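A structural walkthrough
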Amino acid sequence: ALMEARLDCSHLSVLELALVDSKVATVPSDGSNVAFSSIPATLAETVDRAGGPAALIKEMQALAAKRQYIVVILLFKKDEIGRKAVAFIPQEVSADGRGAEICNVLAGQLSAA
């Protein structure tokens, strides 16, 4: 019962979920900070909790701006059929900014693996 209580995150907001288990890495070429957050929920559960995909993106972009992360990467737990998900969210809204460039490179490397 104690282990179940420790893993219960139903009372946490999406922002709090992103901060519970997060690490920051620095891009050597320009000093940009990239946040990696392990979310203890599936992508679908997290999107529902946020109030939709746009709300999740907006909340993560606000977190990135506040903490000066160029990108927030969310790693989700497996869903009911065993699929894991990852979300690459650049701080800026522009599709041709540095954060979007980093997201594209990481997504490309992941898809090539």
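For the structure itself, look to the data block above.
Keep in mind the model is a prediction, meaning the values are calculated, not measured.

Some points on the environment of Asp 79
Note that Asp 79 resides in the loop between β3 (71-76) and β4 (86-90). The exposure class of Asp 79 is buried, given its relative accessible area of 18%. Sequence separation between Asp 79 and Thr 42 is 37 residues, and the spatial gap between their C-alpha atoms is 5.6 Å.

Digging into the sheet that holds strand β2 (residues 33-39)
Judged by pairing direction, the sheet is mixed, and its 4 strands sit side by side in the order β1-β2-β3-β4 without closing on themselves. At either margin of the open sheet sits one strand with a lone partner, and together these are β1 (22-26) and β4. Ignoring strand direction, the axes of neighbouring strands in this sheet form an average angle of 20 degrees.

Description of the packing of helix α3 (residues 43-50) against helix α4 (residues 53-67)
With their axes 7 Å apart at the nearest point, α3 and α4 run at an angle of 80 degrees to one another. In terms of orientation, α3 and α4 fall into the roughly perpendicular class. Residues Thr 46, Val 47 and Ala 50 of α3 pack against Pro 53, Ala 55 and Leu 56 of α4. Considered class by class, the residues forming the contact of α3 with α4 number 5 nonpolar, 1 polar and no charged.

Side note on a nonpolar patch on the surface
Together, Phe 36, Leu 75, Val 86 and Leu 110 give the surface a local cluster of nonpolar side chains, amounting to about 300 Å² of exposed area. Following the sequence through the fold, Phe 36 ends up in strand β2. According to the relative accessible area criterion, Phe 36 is partly exposed, its value standing at 31%.

Reading the values: rules and limits
- Residues numbered from 1 in each chain as written.
- Predicted model: local features only at pLDDT ≥ 70, side-chain atom pairs only at ≥ 80, totals over all residues.
- Heavy atoms only, no water.
- Helix = DSSP H or I, 4+ residues; strand = E, 2+ residues; numbered from the N terminus.
- Buried < 20%, exposed > 50% of the residue type's maximum accessible area, 1.4 Å probe, protein only.
- Pairing = 2+ DSSP bridges.
- Axes fitted to C-alpha atoms, helices over the stretch in contact; angles between N-to-C directions.
- Parallel < 35°, antiparallel > 145°, perpendicular 65-115°, else oblique.
- Contact = heavy atoms within 4.5 Å.
- Nonpolar A, V, L, I, M, F, W, Y, C, P; charged D, E, K, R; others polar.
- Patch = residues over 30% accessible without salt bridge, like charges linked within 9 Å, V, L, I, M, F, W, Y side chains within 5 Å.
- Areas by Shrake-Rupley, 256 points an atom, 1.4 Å probe, with all protein chains shown as cover.
- Salt bridge = Lys/Arg side-chain N within 4 Å of Asp/Glu carboxyl O.

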